[in-house]
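Overview (structure and organization)
Residues per chain are reported as follows:
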Amino acid sequence: MAPTRDVAIVSFAQTTHRRAVPELNEVELIQPVIREALDAIGATISDIGFTCSGSSDYLAGQAFSFVMTLDAVGAYPPIQESHVEMDGAWALYEAWLKIQSGHADTALVYGYSKASPGDLPRVLSRQLDPYYYGPLWPDSVALAGLQARAMIDAGIIDEAEMAAIAHRSREAARGNPHAQLQGSAPIDELLAAPYLAEPLRRHDCAPITDGGAAVVLAAGDRAREWSKRPAWIRGIDHRIDSHNFGARDLTTSPSTELAAQKAGVAGGPVDVAELHAPFTHQEKILTAALGLSDDTVINPSGGALAANPMMGAGLIRLGEVFKRIESGEANRGVAHATSGHLLQQNLVAVLEGER
Amino acid sequence: MTTDTGGVGEILEAPLVIEYPFNRTTGPVIGAFLTGLREQRVLGIRGADGRVVCPPTEYDPQTGEPLTEMVEVGTEGVVTSWSTVTTPRDGQPLPGHHTLALVRLDGADTAMLHVVDGHVATGDRVRIRWADERQGLITDIAAFEPIRGGA
């Protein structure tokens, strides 16, 4: 959808990601992140017109868990807020729509989860349909293995290239103080490790993470007041492929391709792309679907392979591109978020700085 | 195993198990497929482009139009992709090391997800092993098993 109002990301904060944060509940986990995102621009919750969060009751283990988490915002006097049972990237999309519609000029967006209290690959099997797939309780890693196998069979990728993606991502994460995994063993060592779910080895999989992120959006001059170089959202779109993945080609992502087209990715050079690929082989699918060239720096933060808080890792991709535009390191970038198994649903945003 | 507790010391924990038992209405398409399994028959459905979708969906995967023509397919098929399950979890159909696979049954044009009892590779032929007691569930297919010695 083409924007009618100029809306930008003006602030971003995230947790220092860890495998498990047993000493904090979700409110305690995300509150300092929200505080940091607001403090960075000298704002308080009273400056925010709309608040939207992304989280999952399946991960929190209680119904309407996002209502409890509003304690982290300080929703008194009452605020306008909403929630999506999705990654925070989709909460950002809702907030962007709210601003486009003229119902708000500023928005706070956050996404978070603690995956550590449960068995994440098993919990994620509950995303599947209840008749054909769900009763088999397939875990998320073995499902991703089906996709990697299909790509290898089609000659699109091999295990060495997958290991190289893991190596490059986690080496890049050495420069990311928030990353959970920093640095990688050499590629030949990675390839000598046993399979987790053939053809995937542990290095091919994103880590399990407790964490979250927060972003502030603002329209027009307010964005210029709050940030010395806002990252303007030039296009944003999200699309979905069939949940019946036995009936689709797992080696491509038509929904990403369509979202990229609608968001206008091809309208200019892409300096940086942050792709939400929880498995190494998925980066290759996304790079092709987005039409990125070798000139684009992919996942300088390390991507989801360096830290993957469920419901936050997609929003973090938008935040990481914002950071690089704000610093002047990049002028135009692409952020991608995914949801569901095997890249089922995909969101693409084009962010740009003013010259 | 030591857990990083963020310098807080001992963390108190209590177990929490959440289950939501439901009986869901399956409707004319999914219901027909599941009823077929009880009788050791597998049904697909003809898509808008003439291709047979199995397991059947109520709507065409591409165009979204409603589908109605049920088509019986075979109980043998070919593996179109596979992965290994080394440490099975609760609820999974087989207790030991097994294969998770997409299987395109003979007469179908799409693949179904299930498990294979044994090692297979893409292109291998497999057949359904039926559960002894069948109730109209996807697990009426206990597993697929490899057809050895060529087909």
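Residues numbered from 1 in each chain as written. Chains lettered and ligands numbered in written order. Predicted model: local features only at pLDDT ≥ 70, side-chain atom pairs only at ≥ 80, totals over all residues. Heavy atoms only, no water.

With that settled, the discussion passes to empty space enclosed by the protein. All names here are of chain A. Taken as a whole and assessed by the stated rule, the structure comprises three cavities of 30 Å³ or more. As for the largest cavity, its lining consists of Gln-14, His-17, Asn-176, Ser-301, Gly-303, Ala-307, Ile-316, Arg-317 and Glu-320. Partitioned by chemical class, the residues of the lining of the largest cavity number two nonpolar, five polar and two charged. By volume, the second largest cavity amounts to about 40 Å³. (1 Å grid on protein atoms, 1.4 Å probe; cavity = no way out; pocket = protein on both sides within 12 Å on 5 of 7 lines; lining within 4 Å. Points joined across faces, edges and corners; volume = space filled by probe spheres on them. Nonpolar A, V, L, I, M, F, W, Y, C, P; charged D, E, K, R; others polar.)

Residues and elements named next belong to chain A. An order of 3-2-4-7-1-8-12-11-9-10 is seen for the 10 strands of this open sheet, with the pairing classed as mixed. The sheet is open, and its two borders are formed by strand 3 (81–84) and strand 10 (297–298), each paired with just one other strand. As judged from the eight bridges shared by strand 11 (residues 332–339) and strand 12 (residues 345–352), these two strands associate in the antiparallel manner. Looking across to strand 12, one finds that Ala-337 is bridged to Leu-347. Its contacts with the sheet place helix 1 (residues 26–39) against strand 1 (7–14), strand 4 (106–114) and strand 7 (210–219), and it is angled at close to 35° to strand 7. On the sheet, helix 10 (residues 254–263) packs against strand 8 (231–240), strand 11 and strand 12 and is oriented at approximately 145° with respect to strand 8. (Pairing = 2+ DSSP bridges. Helix = DSSP H or I, 4+ residues; strand = E, 2+ residues; numbered from the N terminus. Contact = heavy atoms within 4.5 Å. Axes fitted to C-alpha atoms, helices over the stretch in contact; angles between N-to-C directions.)

Residue and element names in this part refer to chain A. Within the secondary structure, Asn-176 is located in the loop between helix 7 (159–172) and helix 8 (187–191). Asn-176 gets classed as buried once you look at its relative accessible area, which sits at 8%. Spatially, the C-alpha atom of Asn-176 lies 16 Å from that of Val-33, the residues being 143 residues apart in sequence. Setting aside chain neighbours within four positions, we find Asn-176 in contact with Gln-182, Ser-301 and Glu-320. At a separation of 3.0 Å, a polar atom in the side chain of Asn-176 contacts the main-chain carbonyl oxygen of Ser-301. (Buried < 20%, exposed > 50% of the residue type's maximum accessible area, 1.4 Å probe, protein only. Polar contact = N/O pair within 3.5 Å; in protein donor to acceptor, adjacent residues only side chain to side chain.)

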